Amino acid sequence: MSVSLSKGQQVSLRKSSGETLSLVRMGLGWRAAPKRGLFGTRTRQIDLDASALLYAEHTPKDVVFFQQLVSRDGSVRHTGDNLVGGAGAGEDDESIVVDLTRIPAQITQVIFTVSSYTGQTFAEVQNAHCRLVDEANGAELARYELAGGGEHTGQIMAKVYRDGDGWGMQAIGAPARARTFQDLLPAIEPFL
């Protein structure tokens, strides 16, 4: 059963049986919003990029993005860069798979971000979402709709964090100006 999250809302990543999930996928999906012009409606391709930053408390230790598809320890893997989006309603255009059992003990949180590599704003994006899926059975655990458009070009989507002996997820949805994950580093600080 999926939980629809609001900005700031948190959810435990424990199965109903009480055991902690081991393999999750953070999916990002989007479509370019049609733009009305003098000669009708047209749609521009938009290249959004999903990234995952691994933190030990407040210190970034590793990153997974379109130019580094696997973390150094192998626990986080990007499935590949999508340059145009538009997979369809509810589908993912980019995904990052996280093996929670392999994340090194010093890593306390994984921050998921999205940035507009080509510089279009979120006002030009529609039907954008991030969702967390249990890779063992394909069940959607949580979904956060990236609504509201706006003139920002990046967003801190969510974080997966250590919660006692398990993991939790928090929807963040904080807008920022960014073409790459590096541009988002200062904006991530308040959410660590």
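Whatever comes next refers back to the structure up there.
Here the structure is a predicted model, which means the values were calculated and not measured. (Residues numbered from 1 in each chain as written. Predicted model: local features only at pLDDT ≥ 70, side-chain atom pairs only at ≥ 80, totals over all residues. Heavy atoms only, no water.)

Colleague: Which parts of the structure should I look at to understand the side chain of Thr-180?
Modeller: One can find Thr-180 in the loop between β14 (166–176) and α1 (181–188). Those residues in contact with Thr-180 that lie beyond four places of it in its chain are Ser-115 and Tyr-117. (Helix = DSSP H or I, 4+ residues; strand = E, 2+ residues; numbered from the N terminus. Contact = heavy atoms within 4.5 Å.)

Colleague: Looking at this structure, I do not really get the pattern of salt bridges. What am I missing?
Modeller: Where charged atoms from two side chains of opposite charge approach closely, those side chains can pair. One pass over the full model with this rule turns up five salt bridges. Ionic pairing is found between Asp-62 and Arg-72, a salt bridge with its closest N-O pair at 3.4 Å. Separated by 10 residues along the polypeptide, Asp-62 in strand β7 (residues 59–64) and Arg-72 in the loop between β7 and β8 (76–78) bring together distant segments of the chain. In this structure Asp-62 comes out as buried when scored by relative accessible area, which is 11%. A salt bridge links Arg-131 to Asp-92, with the shortest nitrogen-to-oxygen separation between them at 2.9 Å. Separated by 39 residues along the polypeptide, Arg-131 in strand β11 (residues 125–134) and Asp-92 in the loop between β8 and β9 (94–99) bring together distant segments of the chain. Here Arg-131 falls in the buried class, since its relative accessible area comes to 12%. Look at Asp-92 and you get buried, because its relative accessible area is 16%. (Salt bridge = Lys/Arg side-chain N within 4 Å of Asp/Glu carboxyl O. Buried < 20%, exposed > 50% of the residue type's maximum accessible area, 1.4 Å probe, protein only.)

Colleague: Help me out: how do you make sense of the pairing of β14 in this one?
Modeller: Consecutive side chains along a regular strand alternate between the two faces of the sheet. Across the 11 residues that make up β14, a large majority, 10, are buried. The pairing of strand β2 (residues 10–12) with β14 spans three bridges and is antiparallel. Each bridged residue has a counterpart across the sheet, and for Val-11 the counterpart in β14 is Met-169. Pairing of strand β13 (residues 154–163) with β14, which is carried by nine bridges, proceeds in the antiparallel orientation. What sits directly across from Gly-154, in β14, is Ala-176. Hairpin connection, β13 to β14: the antiparallel pair is bridged by two residues, and Gly-164 has positive phi, about 65 degrees. (Pairing = 2+ DSSP bridges.)

Colleague: I would appreciate a short explanation of the environment of Arg-72 in the present structure.
Modeller: On the basis of relative accessibility, which here comes to 66%, the residue Arg-72 falls in the exposed class. Between the C-alpha atoms of Arg-72 and Asp-62, which are 10 residues apart in sequence, the distance is 7.2 Å. With near-sequence residues (within four places) excluded, Arg-72 lies in contact with Lys-61 and Asp-62. Of the polar contacts made by the side chain of Arg-72, one reaches the backbone oxygen of Lys-61; its length is 2.2 Å. (Polar contact = N/O pair within 3.5 Å; in protein donor to acceptor, adjacent residues only side chain to side chain.)

Colleague: What's the story with the environment of Ile-103 in this structure? I'm lost.
Modeller: Its location among the elements puts Ile-103 in the loop between β9 and β10 (109–116). By relative accessible area, Ile-103 is classed as buried at 6%. Spatially, the C-alpha atoms of Ile-103 and Ser-75 are 5.4 Å apart, while their sequence positions differ by 28 residues. When residues no more than four places from it in sequence are discounted, the contact partners of Ile-103 are Ser-75, Val-98, Val-110, Arg-162 and Trp-167.

Colleague: Would you take a moment to explain the environment of Ala-171 for this structure?
Modeller: When you line up the elements, Ala-171 lands in strand β14. The buried category is assigned to Ala-171, whose relative accessible area is 0%. Taking the C-alpha atoms as reference, Ala-171 lies 8.9 Å from Ile-156; in sequence the two are 15 residues apart.

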